[in-house]
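# Breakdown of the fold
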Amino acid sequence: MDVPEAVFVYGTLKQGERNFQVSKEAGWLRSAEAYIEGFQLFHIPKGKGRPYAYPGVVPGEGRVWGEVQWFADLEYALLLLDRLEDEGREYRRIPTTAYLSQQALQPCAVWVYTYPSLQAMQSVAGLWLPEGVWREETRSEG
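For the structure given in this document, a descriptive report is provided here. Computed from a predicted structure; not experimentally measured. (Residues numbered from 1 in each chain as written. Predicted model: local features only at pLDDT ≥ 70, side-chain atom pairs only at ≥ 80, totals over all residues. Heavy atoms only, no water.)

### Some remarks on the layout of surface pockets
- The space that makes up the largest pocket amounts to roughly 270 Å³.
- Lining the largest pocket are 19 residues, and of these Thr12, Asn19, Tyr54, Glu85 and Tyr91 lie nearest its centre.
- Contributing elements (two or more residues each) for the lining of the largest pocket: β1 (6-9) and β3 (54-71).
- In terms of residue count, β1 provides more of the lining of the largest pocket than any other element does, 3 residues in total.
- A breakdown of the residues in the lining of the largest pocket according to their chemical character gives 12 nonpolar, 4 polar and 3 charged. (1 Å grid on protein atoms, 1.4 Å probe; cavity = no way out; pocket = protein on both sides within 12 Å on 5 of 7 lines; lining within 4 Å. Points joined across faces, edges and corners; volume = space filled by probe spheres on them. Helix = DSSP H or I, 4+ residues; strand = E, 2+ residues; numbered from the N terminus. Nonpolar A, V, L, I, M, F, W, Y, C, P; charged D, E, K, R; others polar.)

Right under this line is the structure:
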């Protein structure tokens, strides 16, 4: 697999979502609609230690839709994103391949933040989203 050149985001870091400002602070240059395969998407509800709902992915059968984000300095961006995602504790950053929708499904090496395991997802009452899309309206708790 190639060295990741960008980050695949599928939830609060997407344009128009709650944490997109963090991507901008991290030196965001542009985004492109894309998907990743071999992952399942879950909605994690608001709860203890979680002031708002957000999504997570775990390896599994499925396709997850989101966007690939490119940054002026990927290393610097990863420092900020790792902090937001609590990398190493809540999420793990792993390399994968994203397929860019507008460029004839051209593959792109990316980083993605995943939940550690299906068991960890079940422990936070994650709700499976079989269509692989997380949107603002998914958050029923507000």
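### Some thoughts on the pattern of salt bridges
- As enumerated under the stated definition, the model contains 3 salt bridges in all.
- For Glu37, the salt bridge identified is with Arg63, shortest N-O distance 2.6 Å. Highlighted residues: Glu37 in strand β2 (residues 28-44) and Arg63 in strand β3, separated in sequence by 26 residues.
- With a closest N to O distance of 3.3 Å, Arg89 and Asp86 form a salt bridge.
- A residue is classified by how much of its surface remains accessible, and Arg89, at 66% relative accessible area, is exposed.
- Overall, Asp86 belongs to the partly exposed group, its relative accessible area being 25%. (Salt bridge = Lys/Arg side-chain N within 4 Å of Asp/Glu carboxyl O. Buried < 20%, exposed > 50% of the residue type's maximum accessible area, 1.4 Å probe, protein only.)

### Focus on the packing of aromatic side chains
- Evaluated as defined, the whole model comprises 6 aromatic pairs.
- A centroid spacing of 6.1 Å and a plane angle of 75 degrees characterise the contact between Tyr52 and Tyr54, whose relative ring orientation is edge-to-face.
- With a relative accessible area of 24%, Tyr52 lands in the partly exposed category.
- Ring-pair connections join several aromatic residues into one group, and the members of that group are Tyr35, Trp65 and Tyr99.
- When the ring centre of Trp70 is taken as reference, the NZ or CZ atom of Arg30 above it lies at 3.9 Å.
- One residue, Arg63, lies across the ring of Tyr35, its end atom 3.9 Å from the ring centre. (Phe/Tyr/Trp six-rings, centres within 6.5 Å; stacked < 30°, edge-to-face > 60°. Lys NZ or Arg CZ within 6 Å of the ring centre and 35° of its normal.)

### Quick notes on helix α2 (residues 74-84)
- Among all positions in α2, only Leu74, Ala77, Leu78, Leu80, Leu81 and Asp82 are buried.
- Packing partners of the buried residues in α2 comprise β1, α1 (20-25), β3, β4 (92-100) and β5 (106-114).
- The N-terminus of α2 is capped by Asp73, whose side-chain oxygen sits 3.2 Å from the backbone nitrogen of Glu75.
- Positive backbone phi, approximately 55 degrees, marks Asp86, located one or two places after α2. (Contact = heavy atoms within 4.5 Å. Polar contact = N/O pair within 3.5 Å; in protein donor to acceptor, adjacent residues only side chain to side chain.)

Worth remembering: the numbers are spatial, not functional.
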